[in-house]
Amino acid sequence: MRIGLLVCDHVDPAIAAELGDYPEMFRDLFSGSPEVELVPYDAVGGRLPTDVGECDAWMTTGSRAGVDDPEPWIAGLRDFLERAIAAGRPVVGICFGHQLVARILGGEVVRAAQGWGVGRHETTVVAAEPWMLDGPRPFGLLSSHQDQVVALPAGTRLIASSDHCPIAMFAHGDHVLALQGHPEFRPAYAAAMLERRRALLGD
């Protein structure tokens with residue numbers, strides 16, 4: 001299976017030198033699935049696939065950008081995802097991608113009134129899906145976001161929720177899955193990113 005990874009940001013070079021950029025993180029995530037070929041596309045650099053059929057499925061990374069930022073690459077990515085979803089291609093939106101998919105389908109995305117969501121967030125499955133091999137068990141994912149989805153798009157279904165992010169995961173049909181947390185993050189990266197942010201803010 002070829003999964004097209006739509007890279008929506010790049011890791012700070014000082015951190016990437018030790019811990020890798022997003023493509024490396026996602027390759028580690030799929031390291032136990034030799035049947036998966038991960039094909040990165042530098043979406044933030046304006047390099048998108050020419051056709052939604054180039055890969056078997058599509059997955060986004062997170063981004064420091066917001067879905068409403070007036071960046072040309074975001075408009076291009078939105079157009080591509082709209083076409084992929086309309087064509088019934090499997091799409092997985094992570095963090096920024098979760099929010100962008102929600103916006104494409106008609107949901108609402110705003111700056112979270114409760115502030116940043118960082119660290120490990122315990123998440124409860126509210127509706128079991130057939131692909132959940134372990135059933136509807138709670139799970140924890142590392143998070144790092146300011147914006148979040150606050151109103152589900154019509155025709156989607158809520159799958160999981162956390163105290164900080166009530167719409168933590170949702171699905172549309174059987175080909176679109178969106179989640180706010182980061183399955184690719186590892187504790188060392190999350191800690192390094194938090195320390196980098198503190199240094200930039202002067203904390």
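Residues numbered from 1 in each chain as written. Predicted model: local features only at pLDDT ≥ 70, side-chain atom pairs only at ≥ 80, totals over all residues. Heavy atoms only, no water.

**Describing the packing of aromatic side chains**
Evaluation of the coordinates by the stated rule reveals three aromatic pairs. Pairing Tyr41 with Trp58 gives two aromatic rings, centres 5.5 Å apart and planes at 55°, and the pair type is tilted. Here the residue Tyr41 occupies a position in strand 2 (residues 37–41), and Trp58 occupies one in strand 3 (residues 57–60), the gap between them amounting to 17 residues. Given a relative accessible area of 13%, Tyr41 falls into the buried group. By relative accessible area, which is 1% here, Trp58 ends up buried. Pairing Trp58 with Phe80 gives two aromatic rings, centres 4.9 Å apart and planes at 85°, and the pair type is edge-to-face. Taken together, the residues span a long stretch of sequence, with Trp58 in strand 3 and Phe80 in helix 3 (residues 72–86) at a distance of 22 residues. Given the relative accessible area of 1%, Phe80 is considered buried. Here a set of aromatic residues connected by ring pairs shows up, and it is made of Tyr41, Trp58 and Phe80. (Phe/Tyr/Trp six-rings, centres within 6.5 Å; stacked < 30°, edge-to-face > 60°. Helix = DSSP H or I, 4+ residues; strand = E, 2+ residues; numbered from the N terminus. Buried < 20%, exposed > 50% of the residue type's maximum accessible area, 1.4 Å probe, protein only.)

**With respect to the layout of surface pockets**
Sizing a probe to match a water molecule and rolling it over the atoms shows the empty space that remains. Empty space within the largest pocket amounts to approximately 980 Å³. Along the walls of the largest pocket sit 34 residues, with Trp131, Met132, Met169, Leu177 and Leu179 positioned nearest its centre. If you list the elements that add at least two residues to the lining of the largest pocket, you get strand 3, strand 4 (91–94), strand 7 (139–145), strand 9 (156–162), strand 10 (169–172) and strand 11 (176–179). Considering only residue class, the lining of the largest pocket consists of 25 nonpolar, four polar and five charged. (1 Å grid on protein atoms, 1.4 Å probe; cavity = no way out; pocket = protein on both sides within 12 Å on 5 of 7 lines; lining within 4 Å. Points joined across faces, edges and corners; volume = space filled by probe spheres on them. Nonpolar A, V, L, I, M, F, W, Y, C, P; charged D, E, K, R; others polar.)

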